[in-house]
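Given next are the chains, with one letter for each unit.
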Amino acid sequence: MKEFHERLHKKYYYLIISFIILLMTAGLMIDNQIDMGFVIHGTMVFIISTCLLLYPLYENAYIRYMTVISSTGFFYTLFFLYPETWSDFVLLCFIPAFSILFFDKWLFYFSLVLNVLFIGITFSYIVWMDKGVLYPYIYKDLTGNIVNFIASQILLYFIFHLTDLRMQKQRVYYEQVQQAERMKTTGQLAAAVAHEIRNPLTVVKGFLQYYAEDETLKTKQNFPLMINELDTAEHVISQFLSISKPDREGRVQNVDVEIVLKDVTELLSMYGLLNDNSLQLHVEKECLVSANSIELKQLFINLIKNAIEASPETGSVSITADQEKGNAVIRISDNGRGMSDEEIRSLGTPFYSLKSKGTGLGLMICYNIVEKYNGEINFQSESGKGTTVTLLFPLIHA
Ligand code: ADP
Ligand code: MG
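Residues numbered from 1 in each chain as written. Chains lettered and ligands numbered in written order. Predicted model: local features only at pLDDT ≥ 70, side-chain atom pairs only at ≥ 80, totals over all residues. Heavy atoms only, no water.

**Topic: the side chain of N115**
Topologically, N115 is positioned in helix α6 (residues 105–130). A polar contact of 3.3 Å, which involves the side chain of N115, links it to the side chain of Q153. Ignoring sequence-local partners within four residues, the contact set of N115 consists of Y76, L92, C93, I95, P96, F149 and Q153. (Helix = DSSP H or I, 4+ residues; strand = E, 2+ residues; numbered from the N terminus. Polar contact = N/O pair within 3.5 Å; in protein donor to acceptor, adjacent residues only side chain to side chain. Contact = heavy atoms within 4.5 Å.)

Okay, here's the thing in structure tokens:
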């Protein structure tokens, strides 16, 4: 549910959940005496509320299945506790709809199968045991109710299927956009990289030509120099590849923020993307975070490039990293043109750019990368004074 397409703010999630919990509690309190039914109903409300409240903290499959199982249990409990409330049957038909919100295919199928199984048991109970005493509205037209139930499950399946197809398309589109933005930076770097490689190659070639003419070839004193130059060329190429390579596997590792920041600042300053600006990097404490290093690089490059592009010709950009309250905190500050509150609100919107050659995709990608690794991103800015971007990522303790 927390993927890129659904930036449903935690604040809204808790607001909606509080409302749902309030409704469930009201349902428990109204028209109820304290008996066994009340205790069972209350326990179900408690379990389901706990699952819903804990979900944003863990967001794993286990808690998703727990939520779906407990909500299934909850609605069947209501159905059996209050047989006179015939509308409970309608709720039973819609149980799999909750799992659609989690955008998890297998969870939806699980919920659907579970619901069909439970309704089978429930109808058998009504036909063989109850014989329509408590549930006359089901017993009297059993076939009609079964048909309606099946139709509702098929309807839910189609809604899920169409939503899922749309999401898959969006995901592919997003990956393409991310790759295109990466290629843009790569394109800018390519010419500079070629230039950097030509220098060491010229040195090595010069020596080789010299040796070619020397028929005795006794001296090897320049070999270390040549190897050194080739090492430089190799380093340049591997650095270049480290950001241009598409990373389909998206391997998540424990990444040292300092190493990534050093790589990025070195990359940007070596290849003249800084103009006459300077970068100041200061890392207070070692910060290990769980992320994909190429995506983290892409995030920092986007933010630092924005800071440089907003700065005057000789302005400087400061980058700091530190630990604060269990988080890695990275700040990127510039003394550039700054932004108004209105502009800050538009950040991260696809294609929002005030630059003549901007794509307006950089920050959208940054927001998604930050969100993917449970981080936070904040912009503090004043028009004409400058901007500070603050990034927060949960720390990993090695
Ligand atoms: P692009 O860089 O291609 O324009 P981004 O998504 O990276 O797209 O940025 C969107 C817009 O946000 C920029 O065009 C710029 O107006 C604004 N912006 C981003 N970072 C800064 C900054 N540090 N200072 C001032 N404006 C900024
Ligand atoms: Mg940008």
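Read on for the rest.
**So, unusual backbone geometry**
One non-glycine residue, F103, adopts positive backbone phi at about 50 degrees. Summarising the element assignment, F103 is placed in the loop between α5 (96–100) and α6. For F103, a relative accessible area of 24% puts it in the partly exposed group. Despite not being glycine, K325 shows a phi value in the positive range, around 45 degrees. With respect to the helices, strands and loops of the structure, K325 is situated in the loop between β4 (316–324) and β5 (327–334). Judged by its relative accessible area of 86%, K325 falls in the exposed class. (Buried < 20%, exposed > 50% of the residue type's maximum accessible area, 1.4 Å probe, protein only.)

**Some words on the packing of aromatic side chains**
The tally for this structure, following the rule as stated, stands at 20 aromatic pairs. Here the aromatic rings of F75 and F98 are separated by 5.5 Å at their centres, their planes lie at 15 degrees, and the arrangement is stacked. Highlighted residues: F75 in helix α3 (residues 61–81) and F98 in helix α5, separated in sequence by 23 residues. Given the relative accessible area of 34%, F98 is considered partly exposed. Three or more aromatic residues joined by ring pairs form one cluster here, namely W106, F108, Y109, Y157, F158 and F160. (Phe/Tyr/Trp six-rings, centres within 6.5 Å; stacked < 30°, edge-to-face > 60°.)

**Examining the environment of M167**
Secondary-structure assignment places M167 in helix α8 (residues 142–213). You can call M167 buried: its relative accessible area is 8%. Distance in space between the C-alpha atoms of M167 and F103 is 8.6 Å, their sequence separation being 64 residues.

**Points about the pattern of salt bridges**
Taken as a whole and assessed by the stated rule, the structure comprises 10 salt bridges. K305 is the salt-bridge partner of E309, the closest N and O atoms lying 3.9 Å from each other. In this pair, E309 and K305 are both assigned in helix α11 (residues 293–310), four residues apart and thus about one turn of the helix distant. It is possible to trace a salt-bridge network through shared partners that takes in K305, E309 and K355. (Salt bridge = Lys/Arg side-chain N within 4 Å of Asp/Glu carboxyl O.)

**Focus on α11**
Given a rise of 1.5 Å per residue, 18 residues ought to cover 26 Å, and the 26 Å separating the end C-alpha atoms of α11 matches this to within 8%. Most of α11 sits out of view: 14 of its 18 residues are buried. Where α11 begins, one side-chain oxygen reaches toward the backbone nitrogen of I294, 3.1 Å away; that side chain belongs to N292. (Expected span 1.5 Å × (residues − 1).)

**Focus: the site of ligand 1**
As a matter of local geometry, ligand 1 sits amid 19 residues, with N306, S353, K355, T359 and L363 nearest to it. Between S353 and ligand 1, the recorded distance is 2.5 Å, taken from a side-chain N or O atom to an oxygen atom. One of the backbone nitrogen or oxygen atoms of L354 is found 2.9 Å away from an oxygen atom of ligand 1. Considered on its own, ligand 1 offers 540 Å² of accessible surface; in the complex 96% of this is hidden by protein. For the shell around ligand 1, the elements supplying multiple residues, two or more each, are α11 and α13 (362–372). With three residues, the top contributor of residues to the shell around ligand 1 is α11. Its residues assigned to classes, the shell around ligand 1 comprises eight nonpolar, eight polar and three charged. (Near = heavy atom within 4 Å. Areas by Shrake-Rupley, 256 points an atom, 1.4 Å probe, with all protein chains shown as cover. Nonpolar A, V, L, I, M, F, W, Y, C, P; charged D, E, K, R; others polar.)

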